[in-house]
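# Architecture and fold: a report
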Amino acid sequence: MAQIKMEELEQIISSKYGNTTGIVIIKDGVVLCEKYFQGCTANSRVHVYSVTKSVISILIGIALDKGYIKNMEEKVLDYFPEYRVKRGEGKIRNITLRDMMTMTAPYKYRFFAPYIKYFTSSDRVKFSLDLLGGRGKTGVFRYAPLIGPDILSGILVKATGQSVLNFATENLFEPLGIRVEKSLSFESKEEQLAFNRSVDMSGWVTDPAGIHAAGWGLTLTAMDMEKIGQLYLNGGMWKGKQIISSKWVEDTTTEHSRWKKENLPYGYLWWVHEDGYAAMGDGGNIIYINTKKKLVISMTALFVPKAGDRTELIKKFIEPVL
């Protein structure tokens, strides 16, 4: 990128996307831009919110590759034989792993999710299972930001016999040179809010039962996210080693459902766009992959309400000059 364009980009980010903490742009394997804001550095780690979902998607794929999970048509409740289905709620027996991964599983809550009860629950997997079903139809897109995805963490633990963090460290983070130091838990709302504002906390949030959150709770650096994007752009290959099968990369980034209200295609916990796909989290955290241009852009950001749309920034001010 020409120096003048880089200066313009920095000004745009500072003025319109002021909660940004880092941006990395790599095209054809070459770093074109690595810039940090708000006193942050390459070592600054922030809560990447729903980007966590796309990481879970990768871990599900690795579990499939290794035979821990058989296929996407497996019934969710087969992994939880101890769970008792309440009378009149038999339809949740047919909800599959595919339904969970494509956000087409129904939930009992409609407009107001019981977040306070979720955050104070001692077992968020069971809490999420209790909310499956209701009047909605299986197969209809229903985005579940927080409540629901933890079921996938529960499945990973049941299938692999490891914690999600241990499985991720062994099979994804260490091979890519990503460091996620420890499991994190909070004793109060204040501790959680401090975590959301932190830029130096390395870890992955768990519930009191020790299950790692699947829809949020992971901290990463901008370069960590860039590595994940490069892994996918390279068909699951990293430094000559196949970390995740190319078939899973293709499957996860192919449209399987669509959020009709926003006209957004969805794969397996990845958003799909006309030139590729993206992992997106609240506040503007994003891993954006343009497969045609061999381009990966990662941005980290601290949460603010109604954060500026990073895909608009990328499409308007970055892609045109590349």
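All values reported here derive from a predicted model rather than from experimental measurement. (Residues numbered from 1 in each chain as written. Predicted model: local features only at pLDDT ≥ 70, side-chain atom pairs only at ≥ 80, totals over all residues. Heavy atoms only, no water.)

Regular strands show a simple pattern: their side chains alternate between the two faces of the sheet. Of all 7 residues in strand β14 (residues 295-301), 7 are buried; the element is thus mostly enclosed. Alignment of strand β1 (residues 20-27) against β14, held across 7 bridges, turns out to be antiparallel. Of the residues in β14, the one forming a bridge with V24 is S298. With 5 bridges connecting them, strand β13 (residues 285-290) and β14 associate as antiparallel partners. Counterpart to Y288 in the pairing with β14 is I297. Hairpin connection of β13 to β14: 4 residues between the antiparallel strands, including K294 at a positive phi of 55°. (Buried < 20%, exposed > 50% of the residue type's maximum accessible area, 1.4 Å probe, protein only. Helix = DSSP H or I, 4+ residues; strand = E, 2+ residues; numbered from the N terminus. Pairing = 2+ DSSP bridges.)

So, on to empty space enclosed by the protein. Applying the stated criterion across every chain, the model contains 1 cavity of 30 Å³ or more. For the largest cavity, the calculated volume is near 40 Å³. The wall of the largest cavity is formed by M100, M103, Y107, A144, P149 and L152. Tallied by class, the residues present in the lining of the largest cavity amount to 6 nonpolar, no polar and no charged. (1 Å grid on protein atoms, 1.4 Å probe; cavity = no way out; pocket = protein on both sides within 12 Å on 5 of 7 lines; lining within 4 Å. Points joined across faces, edges and corners; volume = space filled by probe spheres on them. Nonpolar A, V, L, I, M, F, W, Y, C, P; charged D, E, K, R; others polar.)

What follows covers the packing of aromatic side chains. The full count for this structure, using the stated rule, is 20 aromatic pairs. Look at Y143 and W259: their rings are 6.0 Å apart centre to centre, the planes differ by 10°, and that puts the pair in the stacked class. With Y143 in the loop between α5 (124-131) and α6 (150-160) and W259 in strand β9 (residues 257-259), this residue pair connects regions lying 116 residues apart in the sequence. Residue classification places W259 among the partly exposed residues on the basis of a relative accessible area of 27%. Judged by centre distance (6.4 Å) and plane angle (85°), the rings of Y143 and Y266 are edge-to-face. In this pair, Y143 is assigned in the loop between α5 and α6 and Y266 in strand β10 (residues 264-266), connecting sequence segments 123 residues apart. The ring of Y118 is capped by R124, whose NZ or CZ atom sits 5.1 Å from the centre of that ring. Across the ring face of Y109, the terminal group of R142 is positioned such that the distance to the ring centre comes to 4.6 Å. (Phe/Tyr/Trp six-rings, centres within 6.5 Å; stacked < 30°, edge-to-face > 60°. Lys NZ or Arg CZ within 6 Å of the ring centre and 35° of its normal.)

At their nearest, the axes of helix α2 (residues 51-65) and α6 sit 11 Å apart, and the two run at 25° to each other. When the axis of α2 is compared with that of α6, the two are roughly parallel. Between α2 and α6 the crossing geometry is left-handed. Only L152, S153, L156 and T160 of α6 make contact with α2, whose side of the interface consists of I56, L59, I60 and A63. Considering only residue class, the contact of α2 with α6 consists of 6 nonpolar, 2 polar and no charged. (Axes fitted to C-alpha atoms, helices over the stretch in contact; angles between N-to-C directions. Parallel < 35°, antiparallel > 145°, perpendicular 65-115°, else oblique. Left-handed = near helix turned anticlockwise from the far one by under 90°. Contact = heavy atoms within 4.5 Å.)

Over its 12 residues, helix α9 (residues 222-233) runs 16 Å from end to end, which matches the ideal 16 Å to within 8%, given 1.5 Å per residue. Where burial is concerned, most of α9 is hidden: 11 out of the 12 residues are buried. What α9 keeps buried is the set A222, D224, M225, E226, K227, I228, G229, Q230, L231, Y232 and L233. Looking one or two residues beyond α9, the residue adopting positive phi is G235, at roughly 70°. (Expected span 1.5 Å × (residues − 1).)

Now for the pattern of salt bridges. Applying the stated rule across the entire model yields 11 salt bridges. A salt bridge links K126 to D130, with the shortest nitrogen-to-oxygen separation between them at 3.0 Å. Residue K126 and its partner D130 are located together in helix α5, separated by 4 residues, close to a single helical turn. The class of K126 is partly exposed, set by a relative accessible area of 42%. The salt bridge involving R258 is made with E255; its shortest N-O contact spans 2.9 Å. (Salt bridge = Lys/Arg side-chain N within 4 Å of Asp/Glu carboxyl O.)

Turning our eyes to something else, we now look at helix α8 (residues 189-197). For α8, every residue scored as buried is listed here: Q192, F195 and N196. The arc enclosing the buried residues of α8, seen along the axis, measures out at 100°, which places them on a common side. Along α8, exposed side chains directed more than 90 degrees from the buried face belong to E190 and R197. Where α8 is buried, its residues touch β3 (46-47), α4 (115-119), β4 (182-184), β5 (203-205) and β6 (219-220). (Arc of directions from axis to C-beta.)

Right, let's get into the layout of surface pockets. Each pocket or cavity is described by its volume, and for the second largest pocket that value is around 200 Å³. F80, E82, Y83, D123, V125, K126, L129, G154, V157, K158, A209 and I211 are the residues that line the second largest pocket. Secondary-structure elements contributing two or more residues to the lining of the second largest pocket are α5 and α6. Each residue belonging to the lining of the second largest pocket can be placed in one class, and the counts come to 7 nonpolar, 1 polar and 4 charged.

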